[in-house]
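The lines below spell out each chain.
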Amino acid sequence: MDFEPFQYMRFAKRLEYADGIFMAGSGMYRPKADLLKFKESDFTLESLCSNYGDPRNVAWLAEHYATSGENVALTAGSSEANFLVFAALLHAGDKVIVESPGYPQFSSLASLVGAEVVKLPRRFEDGFQPDLDEFKKLLDDSVRLVVLTNLHNPSMARMSPEVMREIAAAAAEVGAKVLVDEVYLDHLRPGEGDESALKAGENVVVTSSLTKVYGLSGLRFGWAVGPKKLVSKMLDLADVVDPELSTVAQNMAHRALENLSRLRPVARRLHERNWPVVKEWLESREDVEYYHPPGGITVWMKVNGVEETGNLATVARQDYGVLVVPGEYFQSPGWLRVGYKIEPTSVREGLSRLGKAIDDFKSH
Ligand SMILES: Cc1ncc(COP(=O)(O)O)c(C=O)c1O
């Protein structure tokens, strides 16, 4: 099978084991176990049947999204949820609209099913909001899927419900579905724009997981919520690739969901504690422009005067011991994605090292 390798994922996995101050991650650190209130029975071999995941988790999500269990598919992370959406919907030669800069899993998935990628720009000048007229011009009868992230990875920009509804309605006119990956959405405070796109149209499917905001990537607990027919096809595919989901992970995820309201503020507090430190550094640099994220633990910045941030990131890692993501992985040479989930003193030290790396890089 020919497909475009997911270079960013390979890079991110390797970097986790590299030496240096780690400012490349976009996921929270693991929560303290006592916040999740595990029970001994969660870890027994006699736990619940979990062919399609734990029914308690399906029920929790159905209630959370105000829909029915038939609209919910449990998956191994949002990555698998995204894969199942692509595989269920697309045929070779179909077009899929993908945002740029954007999370590169989507173009890898398109290549896997032989679909053609059409890029929807999200520009710094527009606060990384898609231009609706431009979007509508990209639509035609061969577009089967539109893919967005909210919050937007890499900028963390939030998309308004109005824009989401317009996008869903325009896509519906050509018979296309809209996939909104909401894995970063809970970085917003409840009630402050964290509304799921699910209700933006009947052609919308949303995906998410306990990875990014909750620090539970290791559970591989994700989901898709969308139209019944699509979800049913995704479950047909799950029969092919997932005879069962991990029972223990489902039990642990059940505890996480039960305690989500206690877990969620942890990431928010981290953003609020560290963002001022990051902002102070950004403001101190005349050669850096950035997008002010409404939440989250990463910032997307442009280093003026540097065209290849891939090389800059290598200098930062090898000579200054700080790890950041070069914009090339998000189709944006000249940009960096810098994470700040670490202690404030390490954030300060990491940014100071990054500043030295930029100065050094520019002087050559
Ligand atoms: C937009 C987006 N979706 C999904 C993922 C992967 O998440 P998961 O662990 O839920 O598969 C990432 C990870 O970086 C991401 O940025």
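Here the structure is a predicted model, which means the values were calculated and not measured.

Scanning the chain for helices and strands turns up 11 helices and 13 strands. Taking 364 residues into account, the globule formula puts the C-alpha radius of gyration at 21 Å, and the chain, at 20 Å, falls close to it. With the principal axes as the frame, the chain shows a C-alpha extent of 60 × 55 × 40 Å. Taking the intrachain contacts of the chain between residues at least 6 apart in sequence as the baseline, contacts between residues at least 24 apart amount to 73%.

Between its terminal C-alpha atoms helix α3 (residues 77-89) stretches 19 Å, which fits the 18 Å expected from 13 residues at 1.5 Å a residue. If you check which residues of α3 are buried, you get G77, S78, S79, E80, A81, N82, F83, L84, V85, F86, A88 and L89.

The sheet built from 4 strands is open, its strands ordered β9-β10-β13-β12 with antiparallel pairing. Edge strands, defined here as strands with exactly one partner in the open sheet, are β9 (288-290) and β12 (325-326). Across 2 bridges, the pairing between β12 and strand β13 (residues 335-339) is antiparallel. Within the sheet, the bridge partner assigned to P326 lies in β13 and is L336.

As assigned here, the chain comprises domain 1 (7-29 + 262-357) and domain 2 (44-260). On a C-alpha basis, the centres of domain 1 and domain 2 stand 25 Å from each other. Counting only elements with at least two residues in the side of domain 1 that touches domain 2, the list comes to α1 (7-15), α9 (260-284) and β10 (298-303). Element by element, the count of residues in the side of domain 1 that touches domain 2 is highest for α9, at 6 residues. The residue inventory of the side of domain 1 that touches domain 2, partitioned by class, reads 11 nonpolar, 9 polar and 5 charged.

A separate point is the packing of α9 against helix α11 (residues 344-363). Between α9 and α11, the least distance of the axes is 10 Å, while the angle of their chain directions is 20°. For the element pair α9 / α11, the angle class is roughly parallel. Crossing of α9 against α11: the hand is right-handed. Across the interface between the two elements, R273, N274, V277, V278 and W281 of α9 pack against P344, V347, R348 and L351 of α11.

For the rest of this paragraph, the subject is the site of the ligand. Inspection of the region around the ligand gives 13 residues, with G77, S78, S79, S209 and T211 positioned closest. Among the elements that line the shell around the ligand, the one with the most residues is α3, at 3 residues. Looking at the shell around the ligand residue by residue, the class counts come to 2 nonpolar, 10 polar and 1 charged.

With that settled, the discussion passes to the pairing of strand β8 (residues 222-225). Residue alternation in β8 divides its side chains into two sets, G222 and A224 and W223 and V225, and both sets are buried. Inspection of the sheet shows strand β2 (residues 72-75) paired to β8 by 4 bridges, in the antiparallel sense. In the sheet register, V72 faces β8, and the bridge partner there is V225. Judged from the 4 bridges that link them, strand β7 (residues 204-209) and β8 form a sheet pairing that is antiparallel. Residue pairing in the sheet places T207 in a bridge with A224 of β8.

The rules we used
- Residues numbered from 1 in each chain as written.
- Predicted model: local features only at pLDDT ≥ 70, side-chain atom pairs only at ≥ 80, totals over all residues.
- Helix = DSSP H or I, 4+ residues; strand = E, 2+ residues; numbered from the N terminus.
- Rg over C-alpha atoms; globule rule 2.2 N^0.38 Å.
- Contact = placed C-beta atoms within 7 Å.
- Expected span 1.5 Å × (residues − 1).
- Buried ≥ 20, exposed ≤ 12 C-beta atoms within 10 Å, placed from the backbone.
- Pairing = 2+ DSSP bridges.
- Domains from an automatic or database assignment.
- Nonpolar A, V, L, I, M, F, W, Y, C, P; charged D, E, K, R; others polar.
- Axes fitted to C-alpha atoms, helices over the stretch in contact; angles between N-to-C directions.
- Parallel < 35°, antiparallel > 145°, perpendicular 65-115°, else oblique.
- Left-handed = near helix turned anticlockwise from the far one by under 90°.
- Near = placed C-beta within 6 Å.

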